[in-house]
Amino acid sequence: MLNASCAFCHQVLAPSPEAGCKAITSRSGRRGLLWRLRDKQLRLGLFEISPGHELHRLTCMMQAGLWAATQVSMDHPPRGLPTEDDFSEVLTQVHKGFELGTLAGPAFAWLRHSLGLAEEDYQAALGPGGPYLQFLSTSKSNASFFLSHDQRFFLKTQRRREVRALLAHLPRYLQHLQRHPHSLLARLLGVHSLRVARGKKKYFIIMQSVFYPAGRIAERYDIKGCEVSRWVEPAPEGSPLVLVLKDLNFQGKTIDLGPQRSWLLQQMELDTAFLRDLNLLDYSLLMASQHLQENERGPGSSLVFRTARSVQGVQSVHEPGAQNLRLLPDGPNALHILDGPEQRYFLGLVDLATVYGLRKRLEYLWKALRYPNRAFSTVSPALYARRLCQWVEAHTETWSLKWGQSKSTGWCPGQALRRVVGVLRVVPGSHPFPALETAAPLLLSGSHSMKARGRLLLVILCSAGFSAAYVLLCCWACLPFCPGSCPGPHLSNSRPTAPGPLHFSGYSRVPDGKPLVRGPCHSCAVVSSSGQMLGSGLGSQIDGAECVLRMNQAPTVGFEADVGQRSTLRVISHTTVPLLLRNYSHYFQQQPRDTLYVVWGQGRNMDRTLGGRTYRTLLQLTKMYPGLQVYTFTERMMAYCDQVFQNETGKNRRQSGSFLSTGWFTMILALELCEEIVVYGMVSDSYCREKSHPSVPYHYFEKGRLDECQMYLAHEQAPRSAHRFITEKAVFSRWAKKRPIVFAHPSWRTQ
């Protein structure tokens with residue numbers, strides 16, 4: 001197969017495309033810069049890359065290489081979840097005149113399979129069956145953009161550092177898609193390199209096109225939620241040019257999704273929070289619209305079929321509500337299509353490879369000086385995510401028609417339906433499968449014009465459809481209230497089905513510097529060192545969590561009834577390391593060897609390169625106790641934690657004279673590692689200002705020494721060099737509104 005592919009490429013390239021390329025180059029070289037800019041403006045849109053096109057030779061190589069690369073995955077289909085080796089695999093295939101590399105091929109083959117994409121169709125679309133289409137973008141990047149001949153797949157050249165970022169985040173990207181199968185993130189289907197002769201490698205990615213099928217699309221937009229350089233001169237009316245407009249072009253317009261607005265806002269929160277956690281920015285929300293035809297309005301195709309399609313491939317143990325599922329439309333590219341009352345919208349998040357590193361931080365400083373008081377794209381990932389979500393919320397129309405109400409008559413089909421099928425009692429926001437809430441008004445629309453018998457028949461048919469749909473959901477998605485033996489997600493001890501272990505690049509192993517690699521934790525118990533734990537009797541409940549996180553030198557021996565005895569992970573301040581050494585037999589000999597120790601700290605004592613004092617101590621520990629798992633926060637992760645504090649409080653940690661607590665670092669690590677978090681012994685930010693609060697020791701293992709609230713208030717009021725315990729707890733309270741975080745003993749609700 002490989003030889004046949006190479007022979008095809010040689011045959012296609014036989015009419016000396018090099019000569020054609022040289023001719024085009026020489027002609028363009030004789031013309032001025034202004035002419036070339038004008039020529040590019042005139043050619044904006046889609047162009048078939050036929051023989052004689054300057055990129056024809058390159059795309060022929062890409063087609064032949066991709067045909068052979070896909071054949072490998074067809075001959076060796078994925079047999080399970082991707083392994084660590086799959087994510088790091090690089091396959092290089094040598095062809096006549098070029099070589100094509102396939103990066104993480106088995107992992108992407110697994111993803112394509114999970115999406116229901118047949119390798120034969122993928123090979124036919126990207127192989128030599130038809131010429132690629134060139135898309136001349138209005139983007140300022142120097143990337144080249146191509147579409148497969150059927151416009152189903154999108155190819156884009158990438159810089160090496162962008163490819164490196166994509167591959168580093170690939171395990172977590174697959175995990176996110178596993179948790180949220182209806183995510184708006186563009187489906188990345190492959191990463192490849194191409195080297196012609198002995199030239200420099202060029203990298204390109206392949207993803208599903210958000211704008212597919214494109215036949216009736218009226219307008220296309222690239223949205224970043226800012227204003228600087230976000231205007232494109234529209235094409236003249238009646239022009240065949242295909243332009244992607246930007247934020248400022250959308251002013252005065254709105255997106256009308258009807259009841260699906262709430263789904264979109266929640267999914268945007270989930271997806272942008274994921275990208276924020278990866279320290280990414282500069283991604284775009286691609287958006288397009290087209291008018292719905294009569295046969296696409298209303299209920300459309302069979303509800304049972306749409307429901308089966310919507311849960312196909314969903315194999316996560318999460319509740320569908322947590323996954324934010326919806327009913328998918330019956331048609332191609334359903335993951336990126338949302339139907340409103342009048343319009344069909346194409347939505348997807350793309351360009352997921354820009355890391356907020358030193359280059360972007362310097363760019364931020366420069367733009368802040370150049371564009372004061374204006375919104376530009378290069379900002380911190382937290383601000384970028386929040387701003388894009390706010391843009392979507394501000395530009396989507398609210399849905400005022402409640403379930404069970406009719407606009408034109410007093411008849412209430414929702415009430416009749418609830419009387420007939422009590423088990424399907426649908427209340428907005430509380431149904432175990434929110435997509436049914438979305439579908440219900442559509443199923444019953446128009447029924448007010450029917451006579452009484454017709455209304456009754458419609459109610460019976462809708463009831464039967466809902467019943468059948470719910471039976472399917474029970475069988476495939478283990479919804480609540482279903483009969484049978486579906487294990488409750490909060491009670492199950494099984495680990496979530498994730499595509500391999502997660503890579504936590506913010507934590508570096510001593511001594512080899514490798515990142516932390518381990519599976520996620522479904523349920524976590526974060527145990528504070530507070531005196532609130534004394535007399536709690538929660539030891540067995542804490543030990544029942546899948547992962548138990550402890551802080552600093554807090555012991556378990558002698559306190560098992562209150563704090564438990566298991567320790568999966570212990571987060572340690574660099575100043576606490578000497579205290580652990582005083583009782584090294586307890587922490588390093590008696591504790592199970594699978595306990596992870598993660599040490600945070602900055603400055604020369606933690607310097608790995610110069611051999612700081614604390615780092616040398618940790619290095620010596622790993623030599624004394626082979627198998628001991630010790631990690632340190634990387635400098636980049638420490639800077640990230642500082643940035644989170646500034647984003648949440650509006651204060652620079654150093655300038656405000658604040659020290660972050662071990663609790664802060666533990667919570668950030670828990671948010672990365674855990675799906676559900678129960679925090680034990682942590683009080684609310686208002687607790688110490690209440691008059692009736694009891695007095696407890698600062699640490700449960702140091703009775704009679706320091707009072708907890710006196711310590712908190714003293715630090716909060718100190719001008720410099722103090723922990724901001726109360727401020728941190730206010731931040732944790734806000735996090736609990738968006739993530740499954742519960743505070744226990746004392747239990748308190750987020751405000």
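These figures come from a predicted structure and were not determined experimentally.

Student: Can you walk me through the pattern of salt bridges in this structure?
Tutor: Between side chains of opposite charge, a pair can form as their charged atoms come close. Enumeration over the complete set of coordinates arrives at 18 salt bridges. Lys 360 is paired through a salt bridge with Asp 282; the nearest N and O atoms lie 3.9 Å apart. Pair noted here: Lys 360 is in helix H12 (residues 358-370) and Asp 282 is in the loop between helix H9 (261-277) and strand S11 (284-291), with a separation of 78 residues, a long-range link. This pair shows no difference in class: Lys 360 is buried, exactly as Asp 282 is. Overlapping salt bridges, with partners in common, bring together Lys 224, Asp 282, Lys 360, Glu 363 and Lys 367 in one network.

Student: Before we go on, may I ask you to explain the sheet that holds strand S1 (residues 46-48) in this structure?
Tutor: In any sheet, the strands associate via hydrogen bonds between backbone groups, in a parallel or an antiparallel arrangement. In space, the eight strands of this open sheet follow the order S1-S4-S5-S6-S8-S7-S3-S2, with antiparallel pairing throughout. Each having just a single partner strand, S1 and strand S2 (90-95) make up the two edges of the open sheet. Sheet twist, expressed as the average angle between the axes of neighbouring strands with direction ignored, equals 25 degrees. Its contacts with the sheet place helix H7 (residues 119-126) against strand S6 (153-158), strand S7 (188-196) and strand S8 (202-208), and it is angled at close to 65 degrees to S6.

Student: I'm lost on H7 in this one. Help?
Tutor: Among the residues of H7, those classed as buried are Glu 119, Tyr 122, Gln 123, Ala 125 and Leu 126. Down the axis of H7, the smallest arc covering the buried residues is 165 degrees, so these residues share one side. The inward-facing, buried residues of H7 abut helix H4 (56-75), helix H6 (105-114), S6, S7 and S8.

Student: I'm lost on H4 in this one. Help?
Tutor: Working note: α-helix, 3.6 residues per turn, so residues spaced by three or four point in the same direction. Taking 1.5 Å as the rise per residue, H4 with 20 residues should run 28 Å; its terminal C-alpha atoms sit 29 Å apart, in good agreement. Where burial is concerned, most of H4 is hidden: 15 out of the 20 residues are buried.

Student: Is there a simple way to think about a nonpolar patch on the surface in this case?
Tutor: A surface patch of nonpolar side chains, amounting to about 410 Å² of accessible area, comprises Leu 358, Leu 362, Tyr 364 and Leu 365. With respect to the element layout, Leu 365 can be found in helix H12.

Student: Explanation requested: the packing of H6 against helix H8 (residues 160-179) in the structure shown.
Tutor: At a closest axis distance of 12 Å, the pairing of H6 and H8 adopts a crossing angle of 20 degrees. Here H6 is positioned roughly parallel relative to H8, judged by the angle of their axes. Between H6 and H8 lies a crossing whose hand is left-handed. Where H6 approaches H8, its residues Ala 107, Phe 108, Trp 110 and Leu 111 are matched on the opposing element by Leu 167, Leu 170, Tyr 173, Leu 174, Leu 177 and Gln 178. In terms of residue class, the contact of H6 with H8 is built from nine nonpolar, one polar and no charged.

Student: For this particular structure, what's the right way to read the nonpolar core?
Tutor: Ranked by internal contacts, the top residues of the largest apolar core, which has 56 residues, are Tyr 173, Leu 264 and Met 268. Counting residues domain by domain, this core receives three or more from each of domain 1 (36-209) and domain 2 (215-295 + 331-397). Apart from the residues within four sequence positions on either side, Leu 264 is in contact with Leu 184, Leu 257, Leu 338, Leu 347, Val 392 and Thr 396. Residues Met 638, Trp 664, Leu 669 and Met 682 belong to the second largest nonpolar core, which totals 43 residues.

Student: I would appreciate a short explanation of the pairing of S7 in the present structure.
Tutor: Successive residues of a regular strand alternate their side chains across the two faces of the sheet. Of all nine residues making up S7, seven are buried, and the element is well covered by its neighbours. Two strands pair when backbone bridges link them, and S7 and S8 are joined in this way by six bridges, in the antiparallel orientation. The residue of S8 that forms the bridge with His 192 is Phe 204. Where S7 folds back on S8, the antiparallel hairpin that results is connected by five residues, among which Ala 197 adopts a positive phi of roughly 50 degrees.

Student: Mind showing me how you'd approach the packing of H9 against helix H13 (residues 381-394) here?
Tutor: When two helices pack together, their arrangement is given by the angle between the helix axes and the distance between those axes. Where H9 meets H13, the axes come as close as 9 Å, and the angle between the chain directions of the two elements is 170 degrees. As judged from the angle between their axes, H9 and H13 are roughly antiparallel. In this structure, H9 contributes Arg 261, Leu 264, Leu 265, Met 268, Glu 269, Thr 272 and Arg 276 to the contact, and H13 contributes Pro 381, Ala 382, Ala 385, Leu 388, Cys 389, Val 392 and Glu 393. Looking at the contact of H9 with H13, its residues break down into nine nonpolar, one polar and four charged.

Student: Sorry if this is basic, but what is going on with the confidence of the model for the chain here?
Tutor: When pLDDT is low, close inspection of the predicted coordinates is not appropriate. Summing up the model confidence of the chain, the mean pLDDT is 79 and the portion of residues at 70 or higher is 74%. Taken together, the stretch residues 1-44 has pLDDT below 50 and engages in 42 contacts with residues farther than four places along the chain or on a different chain.

Student: Would you mind going over the pairing of strand S13 (residues 343-350) with me for this structure?
Tutor: Burial analysis of S13 places eight of its eight residues in the buried class, the great majority of the element. Here S13 shows no split at all, with Gln 343, Tyr 345, Leu 347 and Leu 349 on one side and Arg 344, Phe 346, Gly 348 and Val 350 on the other all buried. By the bridge criterion, eight bridges tie S11 to S13 in an arrangement that is antiparallel. If you follow Leu 285 over to S13, its bridge partner there is Leu 349. Bridging between strand S12 (residues 337-339) and S13 involves three bridges; their strand directions are antiparallel. In the sheet register, Ile 337 faces S13, and the bridge partner there is Phe 346. In sequence, S12 turns back onto S13 through a hairpin of three residues.

Student: Honestly, the side chain of Asn 324 in this entry has me stumped. Any pointers?
Tutor: Inspection of the secondary structure puts Asn 324 in the loop between helix H11 (320-323) and S12. Polar side-chain contacts of Asn 324 include one of 2.9 Å to the side chain of Gln 267.

Student: Explanation requested: the side chain of Thr 632 in the structure shown.
Tutor: Secondary-structure assignment places Thr 632 in strand S20 (residues 629-633). Beyond its immediate stretch of four places on either side in the chain, Thr 632 contacts Gly 506, Tyr 507, Ser 508, Val 510, Val 599, Met 606, Arg 608 and Leu 618.

Student: So what exactly am I meant to see when it comes to the packing of aromatic side chains here?
Tutor: What characterises a pair of aromatic rings is the spacing of the ring centres plus the angle enclosed by the ring planes. According to the stated counting rule, one finds 20 aromatic pairs in the structure shown. Look at Tyr 364 and Phe 376: their rings are 6.0 Å apart centre to centre, the planes differ by 50 degrees, and that puts the pair in the tilted class. Here the residue Tyr 364 occupies a position in helix H12, and Phe 376 occupies one in the loop between H12 and H13, the gap between them amounting to twelve residues. Where Phe 633 meets Phe 665, the ring centres are 5.3 Å apart and the plane angle is 75 degrees; that geometry is what we call edge-to-face. One end of the pair, Phe 633, is in strand S20; the other, Phe 665, is in helix H23 (residues 662-673), with 32 residues separating them in the sequence. Each member of the aromatic cluster is reached from another via a ring pair, and the members are Tyr 507, Trp 600, Phe 633 and Phe 665. Above the plane of the ring of Trp 263 lies Arg 326, whose end atom (NZ or CZ) is 4.6 Å from the centre.

Quick notes on the rules
Residues numbered from 1 in each chain as written. Predicted model: local features only at pLDDT ≥ 70, side-chain atom pairs only at ≥ 80, totals over all residues. Heavy atoms only, no water. Salt bridge = Lys/Arg side-chain N within 4 Å of Asp/Glu carboxyl O. Helix = DSSP H or I, 4+ residues; strand = E, 2+ residues; numbered from the N terminus. Buried < 20%, exposed > 50% of the residue type's maximum accessible area, 1.4 Å probe, protein only. Pairing = 2+ DSSP bridges. Axes fitted to C-alpha atoms, helices over the stretch in contact; angles between N-to-C directions. Contact = heavy atoms within 4.5 Å. Arc of directions from axis to C-beta. Expected span 1.5 Å × (residues − 1). Patch = residues over 30% accessible without salt bridge, like charges linked within 9 Å, V, L, I, M, F, W, Y side chains within 5 Å. Areas by Shrake-Rupley, 256 points an atom, 1.4 Å probe, with all protein chains shown as cover. Parallel < 35°, antiparallel > 145°, perpendicular 65-115°, else oblique. Left-handed = near helix turned anticlockwise from the far one by under 90°. Nonpolar A, V, L, I, M, F, W, Y, C, P; charged D, E, K, R; others polar. Core = buried A, V, L, I, M, F, W, Y, C linked by side-chain atoms within 4.5 Å. Domains from an automatic or database assignment. pLDDT = per-residue confidence, 0-100. Polar contact = N/O pair within 3.5 Å; in protein donor to acceptor, adjacent residues only side chain to side chain. Phe/Tyr/Trp six-rings, centres within 6.5 Å; stacked < 30°, edge-to-face > 60°. Lys NZ or Arg CZ within 6 Å of the ring centre and 35° of its normal.

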